[in-house]
Amino acid sequence: MDSEPIIWFSKPHMGWISTLKLTGVQSRVLFKIFVDIDHSNRITTGIEDIAKELVVSSNQVSKAFKVLEEKGIIYKDPDDANFYKLNPQIAHKGNVNECKENVIDLAHIKAIKQLEND
């Protein structure tokens with residue numbers, strides 16, 4: 001019997017998320033993201049599909065993605081700008097080594113953005 005991959009949550013960051021005052025749609029999109037990430041934390045479900053499943057408009061999901069990105073919960077995948085990734089410091093799917101790889105990738109992205117802003 002195959003088991004589902006484990007999703008690891010960071011307790012401090014989950015507490016932080018509870019202080020962000022996300023709207024109902026934003027919270028529902030975030031929980032959908034938790035379900036739909038792959039082992040590289042890439043969000044594998046498109047905006048239209050998320051909208052259909054949550055019975056909201058694609059525009060609402062797009063706005064939720066924008067807010068989640070502004071708050072540092074998700075970020076654009078540096079390898080493919082058509083995708084987003086969940087911040088691995090909040091949660092990740094898979095084993096510890098996969099998490100470490102995702103955290104290193106995110107740190108690299110943040111360093112590049114800092115250099116671009118300087």
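Calculation rules
- Residues numbered from 1 in each chain as written.
- Predicted model: local features only at pLDDT ≥ 70, side-chain atom pairs only at ≥ 80, totals over all residues.
- Heavy atoms only, no water.
- Salt bridge = Lys/Arg side-chain N within 4 Å of Asp/Glu carboxyl O.
- Helix = DSSP H or I, 4+ residues; strand = E, 2+ residues; numbered from the N terminus.
- Buried < 20%, exposed > 50% of the residue type's maximum accessible area, 1.4 Å probe, protein only.
- Axes fitted to C-alpha atoms, helices over the stretch in contact; angles between N-to-C directions.
- Parallel < 35°, antiparallel > 145°, perpendicular 65-115°, else oblique.
- Left-handed = near helix turned anticlockwise from the far one by under 90°.
- Contact = heavy atoms within 4.5 Å.
- Nonpolar A, V, L, I, M, F, W, Y, C, P; charged D, E, K, R; others polar.
- Expected span 1.5 Å × (residues − 1).
- Arc of directions from axis to C-beta.

Caption draft 1: Spotlight on the pattern of salt bridges. Evaluation of the coordinates by the stated rule reveals three salt bridges. Where Lys32 meets Asp36, a salt bridge forms, and the shortest distance between an N and an O atom there is 2.8 Å. Taken together, the positions of Lys32 and Asp36, both in helix H2 (residues 24–36) and four residues apart, correspond to about one turn of that helix. For Lys32, a relative accessible area of 10% gives the class buried. On the basis of relative accessible area, Asp36 is assigned to the buried category, the value being 11%. Between Asp77 and Arg42 there is a salt bridge; the shortest N-O distance is 2.7 Å. With a gap of 35 residues between them, Asp77 in the loop between strand S2 (74–76) and strand S3 (84–86) and Arg42 in the loop between H2 and helix H3 (47–54) connect regions that are remote in the sequence.

Caption draft 2: Broad picture of the packing of H3 against helix H4 (residues 58–70). In contact at an axis separation of 8 Å, H3 and H4 are set at 115° when each is read in the N-to-C sense. What the angle tells us is that H3 and H4 run roughly perpendicular. In this structure, the crossing between H3 and H4 has a hand that is right-handed. Taken together, the residues of H4 that come into contact with H3 (itself represented by Ile47, Glu48, Ile50 and Ala51) are Ser58, Val61, Ser62 and Phe65. Per-class residue counts for the contact of H3 with H4 are five nonpolar, two polar and one charged.

Caption draft 3: Seen up close, the environment of Thr23. As for its position among the elements, Thr23 is in the loop between helix H1 (11–18) and H2. In the structure, Thr23 is positioned 41 residues away from Ala64 in sequence and 8.6 Å away in space, judged by C-alpha atoms.

Caption draft 4: View of H4. Helix length check: H4, at 13 residues, gives a terminal C-alpha distance of 18 Å against a target of 18 Å (1.5 Å per residue), a fit within 8%. Every buried residue of H4 is listed here: Val61, Ala64, Phe65, Val67 and Leu68. Looking down the long axis of H4, one finds its buried residues gathered within 165° of arc, a one-sided arrangement. Exposed residues pointing more than 90 degrees away from the buried face of H4 are listed as Lys63, Lys66 and Glu70.

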